[in-house]
Amino acid sequence: MPYEKHKKLHFDITNVGLRAQATAVGLVQLCVELRRANVLDEAAVERIKDAIADEVAVAAPRTLTSPQYRSEVKSRLDRLFAGEQEVGSAEALSFGATPDNLS
């Protein structure tokens, strides 16, 4: 998706309020279920994860923006969609969070 079109999509989604964690959990679960039912193939799931990673990278503060940041986002998405990592609280998913500073 071209950058300008992605920025407009980001603005539209933000205005609708679809940044809620519940929406993210629902999306991950929906994708897992559709994959299990063979409605989505692996390539489709990868495109969905890429779209999410692109959105997170576009919305990131300039201090975090880098190819490594997007790579880490994509890696976390891979674990979420594989069921290897629970979505959990926003604090637990924040970059730089450790078990020590979450309690």
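Because the structure is predicted, anything quoted here is derived from the model rather than measured. Note on numbering: residues in each chain are counted from 1, in written sequence order. Given that this is a predicted model, residues contribute local features only at a pLDDT of at least 70 and side-chain atom pairs are listed and counted only at 80 or more, while totals for whole chains, interfaces and linings are drawn from all residues. To obtain the side-chain values, all non-hydrogen atoms of the structure were included, while hydrogens and water were left out.

### A few points about the pattern of salt bridges
Then comes step 1: Counted as salt bridges are all cases of a side-chain nitrogen of Lys or Arg within 4 Å of a carboxyl oxygen of Asp or Glu. If you walk through the whole model with that rule in mind, you get nine salt bridges.
Then comes step 2: We note a salt bridge from arginine 36 to glutamate 33, for which the minimum N-O separation is 3.4 Å. On the criterion of helical spacing, the pair formed by arginine 36 and glutamate 33 is a turn pair, its members being three residues apart in helix 2 (residues 21–36).
Then comes step 3: Aspartate 54 is the salt-bridge partner of arginine 70, the closest N and O atoms lying 2.9 Å from each other. With arginine 70 in helix 4 (residues 67–81) and aspartate 54 in helix 3 (residues 42–59), this pair connects stretches of sequence that are 16 residues apart.
Then comes step 4: Taking relative accessible area as the criterion, arginine 70 reaches 23% and is therefore assigned partly exposed.
Then comes step 5: Remark: exposure states derive from per-residue accessible area (1.4 Å probe, protein chains only) relative to the maximum for the residue type, with buried under 20%, exposed over 50%, and partly exposed in between. Since its relative accessible area comes to 32%, aspartate 54 is described here as partly exposed.
Then comes step 6: The network of salt bridges with common partners includes Glu46, Lys49, Lys74 and Asp78. Strands here mean DSSP runs of E at least two residues long; helices mean DSSP runs of H or I at least four residues long; both are numbered from the N terminus.

### Digging into the environment of valine 73
Then comes step 1: Within the secondary structure, valine 73 sits in helix 4.
Then comes step 2: Taking the C-alpha atoms as reference points, valine 73 and alanine 53, 20 residues apart in sequence, are found 5.9 Å from one another.

### Here we look at the confidence of the model for the protein
Then comes step 1: Per-residue confidence for the protein gives a mean pLDDT of 77; residues scoring 70 or more make up 73%.
Then comes step 2: Within the protein, no element has a lower average pLDDT than helix 5 (residues 90–93), which sits at 52, and none a higher one than helix 3, at 89. Across the chain, each position has a pLDDT score giving the predictor's confidence in that residue, from 0 to 100.

### Observations concerning the nonpolar core
Then comes step 1: Nonpolar cores are built from buried Ala, Val, Leu, Ile, Met, Phe, Trp, Tyr and Cys residues. Side-chain atoms within 4.5 Å join them into one set. Core analysis: the biggest nonpolar cluster contains 13 residues, and Val73, Leu77 and Phe81 have the highest contact counts within it.
Then comes step 2: Elements with a contribution of two residues or more to this core: helix 2, helix 3 and helix 4.
Then comes step 3: With five residues, helix 4 is the single largest residue contributor to this core.
Then comes step 4: Throughout, a contact is declared for two residues whenever any of their heavy atoms are within 4.5 Å. Each residue touching phenylalanine 81, except ones within four places of it in the same chain, is listed here: Val28, Cys31, Val32, Val45, Ile48, Lys49 and Ile52.

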